[in-house]
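Take a look at the letters that make up each chain.
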Amino acid sequence: MPGQGVTLADLPLRDNLRGKSPYGAPQLQVPVILNTNENPHPPSQALIDDVAKAVAAAAEDLHRYPDRDAVALRSDLADYLSAATGTPLSVDNIWAANGSNEILQQILQAFGGPGRSAMGFVPSYSMHPIISDGTQTRWVPAQRADDFTLDVPRAVAAVAEHKPDVIFVTSPNNPTGGSIPLTDLRAILDAATGIVIVDEAYGEFSSQPSAVALLDEYGSKLIVSRTMSKAFAFAGGRLGYLAAAPAMIEALLLVRLPYHLSVLTQAAARAALQHSAETLGNVAAIAAERDRVAAALAELGYAVTPSDSNFILFGGFADAPASWQRYLDRGVLIRDVGIPSFLRATIGLPAENDAFLKVSAELAAAEP
Ligand code: PMP
């Protein structure tokens, strides 16, 4: 194969990327896949048909570039988010990109960068430091409490000490599952001198109100990031978005690549959004399954972290990587998020959850 003799060490990689690992959730074909926090319910036939029709119509214009500003899609997202949160939002409050990862990257391209820093409260979403590295933004981790909740006085002290240019608050937090109440968020916003990104990828599952309610008050620092990948069951479609003051979106226009959202993506996302009531109808069922799984795990003797999302962090393993492998050997793929003695499982369909619990019972008998 051409180039086989060249190694990464031979390349003139930027110093801050040397020795780093890429994002790497394993993509394995096994019977029960519970490792990337997707919605386990497949799209309805009606949604599939509407997406196919919309994409076919959009394909007639494939020789032209798409709407660079995705105005129709952003307008649909504004309608959805206004209805979901009770805060009126217009198209100028919304920006969209290929997944919320791209949203986060664009925010760091505009507000992070060389000489700037980004803070997160760890353990949290592993892409936040990776996107910081990719944009040459210095990553400053601050710790959560031992029970994985956000220790607000400690968080505020860390913000005051480091004065990060960007702060990530993930709510509900991945991988630990808890949400942050608006009063706690206010304390962080008041302490922040830079931008605060509230990453609400799992917002639809949360019992807490969306940070969108604070946009009017904190327009010069708050950005709320959301996605269609989780509750919306559109992970394969790649559509993330944010809500913020219109000036924030003006800032992002400076860094976005022109035509970043393909005509096919825009058409498919708009068609999927038409079915939001039906898709989000599964959220309550997933939450009920989550509560069933959490109770069963606790009954088996595992330490269950309270979850406000569609996944559960649970612990009690002497060797979490070895236990992760034991689940996999029995056909159940969950996630080792690097927290000693803990593993994370996404809530699946009832039969998948039963399969997961069956293995959990076997391992509990042998281990904790
Ligand atoms: N934020 C959090 C907290 C996540 O867990 C994820 C997905 N794992 C994302 C953002 C990114 O999701 P996407 O790019 O699919 O919108």
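The name recorded for the chain in an unreviewed UniProt entry is Histidinol-phosphate aminotransferase, from Gordonia phthalatica. Taken verbatim from the UniProt record of the chain, the Pathway (unreviewed entry) comment is "Amino-acid biosynthesis; L-histidine biosynthesis; L-histidine from 5-phospho-alpha-D-ribose 1-diphosphate: step 7/9."

**Q** Is there a simple way to think about the overall build of the chain in this case?
**A** Scanning the chain from N- to C-terminus turns up twelve helices and twelve strands. For 368 residues, the compact-globule estimate of 2.2 N^0.38 gives 21 Å, and the chain sits close to it at 21 Å. For the chain, the C-alpha atoms occupy an extent of roughly 60 × 55 × 55 Å along the three principal directions. Considering the chain as a whole, with its 368 residues, one finds that 51% of them fall into the buried category. For the chain, long-range pairs separated by at least 24 residues make up 75% of all intrachain contacts whose partners lie at least 6 apart in sequence. Across the chain, the 26 positively charged side chains and the 39 negatively charged ones have centroids separated by 5 Å.

**Q** When you look at unusual backbone geometry in this model, what are you seeing that I'm missing?
**A** In terms of backbone geometry, most residues other than glycine have negative phi values and most peptide bonds are trans. In the segment running from V122 into P123, the intervening peptide bond is cis, with an omega of 5 degrees. With respect to the element layout, P123 can be found in the loop between β3 (117-122) and α4 (127-134). N174 connects to P175 through a cis peptide bond whose omega is 15 degrees. Here P175 shows up in the loop between β5 (166-170) and α6 (182-191). Positive phi, close to 55 degrees, is recorded for Q136, a residue that is not glycine. Tracing the backbone through its elements, the reader meets Q136 in the loop between α4 and β4 (138-143). The backbone of F148 sits at a positive phi, close to 75 degrees, despite the residue not being glycine. Looking at where F148 falls in the secondary structure, it is placed in the loop between β4 and α5 (152-162).

**Q** How should I be thinking about the UniProt feature "modified residue: N6-(pyridoxal phosphate)lysine" (unreviewed entry) in the chain in this particular structure?
**A** UniProt's feature table lists "modified residue: N6-(pyridoxal phosphate)lysine" (unreviewed entry) at K230, given in the numbering used throughout. Among the secondary structure elements, K230 is positioned in the loop between β7 (222-227) and β8 (240-244). According to the relative accessible area criterion, K230 is buried, its value standing at 13%. In contact with K230, not counting residues within four places along its chain, are T36, N37, N39, A201, Y202 and F205.

**Q** Would you take a moment to explain the domain arrangement of the chain for this structure?
**A** Bring the parts together and some accessible area is lost; that lost area is often taken as the interface size. Here the chain is described as being made up of domain 1 (8-43 + 278-366) and domain 2 (54-276). The centre of domain 1, based on its C-alpha atoms, is set 23 Å off from the matching centre of domain 2. Opposite the 30 residues of domain 1 that make contact, domain 2 presents 33 residues. Interface of domain 1 and domain 2: buried area, both sides summed, is about 2400 Å²; carbon and sulfur atoms make up 57% of it. Broken down residue by residue, the surface that domain 1 buries against domain 2 is led by Y23, L280 and D308, which jointly contribute 25%. On the surface where domain 1 and domain 2 come into contact, there are one salt bridge. A salt bridge links K20 to D133, with the shortest nitrogen-to-oxygen separation between them at 3.1 Å. Our enumeration of links across domain 1 and domain 2 arrives at 17 residue pairs in polar contact (both at pLDDT 80 or more). Looking at the side of domain 1 that touches domain 2, the elements that each hand over two or more residues are α9 (276-280), α10 (282-299), β10 (311-315) and β12 (342-346). Residues belonging to the side of domain 1 that touches domain 2 are distributed by class as follows: twelve nonpolar, eleven polar and seven charged.

**Q** Looking at this structure, how should I read the UniProt feature "domain: Aminotransferase class I/classII large" (unreviewed entry) in the chain?
**A** Under the local residue numbering, the UniProt record ascribes the feature "domain: Aminotransferase class I/classII large" (unreviewed entry) to residues 33-353. Helix and strand shares over residues 33-353 are 40% and 16% respectively, and the end C-alpha atoms of the span are 10 Å apart.

**Q** Help me out: how do you make sense of the packing of helix α3 (residues 99-111) against helix α7 (residues 246-253) in this one?
**A** Each pair of packed helices can be summarised by the angle the axes make with each other and by the distance between the axes. Look at α3 against α7: their axes get within 9 Å of each other, and the N-to-C directions meet at 85 degrees. Relative to α7, α3 is oriented roughly perpendicular. Along the contact surface, α3 presents Q106, I107, A110 and F111, while α7 presents M248, A251 and L252. Counted by class, the contact of α3 with α7 contains six nonpolar, one polar and no charged residues.

**Q** Got a minute to help me understand the layout of surface pockets in this structure?
**A** The rolling of a water-molecule-sized probe over the atoms marks out the regions of remaining empty space. Approximately 1000 Å³ is the volume attributed to the largest pocket. Together, 46 residues line the largest pocket, and Y23, Y125, N174, R335 and R344 are the ones closest to its centre. Listing elements by their share of the lining of the largest pocket, those giving two or more residues are α3 and β4. Examining the composition of the lining of the largest pocket, we find that four residues originate from one element, α3, more than from any other. Grouping the constituent residues of the lining of the largest pocket by class yields 20 nonpolar, 17 polar and nine charged. Of the residues that make up the lining of the largest pocket, three or more belong to each of domain 1 (8-43 + 278-366) and domain 2 (54-276). There is about 250 Å³ of room inside the second largest pocket. Along the walls of the second largest pocket sit 18 residues, with F148, T149, L150, G178 and S179 positioned nearest its centre.

**Q** Please clarify how the sheet that holds strand β2 (residues 94-97) should be interpreted in this entry.
**A** Strand pairing in a sheet relies on backbone hydrogen bonds. The paired strands run either parallel or antiparallel. As summarised here, the arrangement of the seven strands in space is β2-β8-β7-β6-β5-β3-β4, forming an open sheet in which the pairing is mixed. Of all the strands in the sheet, just β2 and β4 have a single pairing partner and so form its edges. Each strand of the sheet is rotated relative to its neighbour by a mean of 25 degrees, with strand direction disregarded. Relative to β4, β3 runs parallel, the two being bridged by six bridges. Bridging from a neighbouring strand, G120 pairs with P141 of β4. Lying on the sheet, α6 is in contact with β3, β5, β6 (195-199) and β7; it crosses β5 at an angle near 175 degrees.

The rules behind each value
Residues numbered from 1 in each chain as written. Predicted model: local features only at pLDDT ≥ 70, side-chain atom pairs only at ≥ 80, totals over all residues. Heavy atoms only, no water. UniProt positions renumbered as here; feature names shortened; annotations may be inferred. Helix = DSSP H or I, 4+ residues; strand = E, 2+ residues; numbered from the N terminus. Rg over C-alpha atoms; globule rule 2.2 N^0.38 Å. Buried < 20%, exposed > 50% of the residue type's maximum accessible area, 1.4 Å probe, protein only. Contact = heavy atoms within 4.5 Å. Lys, Arg positive; Asp, Glu negative; His and termini not counted. Charge placed at Lys NZ, Arg CZ, Asp CG, Glu CD. Domains from an automatic or database assignment. Buried area = accessible area lost by both parts, 1.4 Å probe. Salt bridge = Lys/Arg side-chain N within 4 Å of Asp/Glu carboxyl O. Polar contact = N/O pair within 3.5 Å; in protein donor to acceptor, adjacent residues only side chain to side chain. Nonpolar A, V, L, I, M, F, W, Y, C, P; charged D, E, K, R; others polar. Axes fitted to C-alpha atoms, helices over the stretch in contact; angles between N-to-C directions. Parallel < 35°, antiparallel > 145°, perpendicular 65-115°, else oblique. 1 Å grid on protein atoms, 1.4 Å probe; cavity = no way out; pocket = protein on both sides within 12 Å on 5 of 7 lines; lining within 4 Å. Points joined across faces, edges and corners; volume = space filled by probe spheres on them. Pairing = 2+ DSSP bridges.

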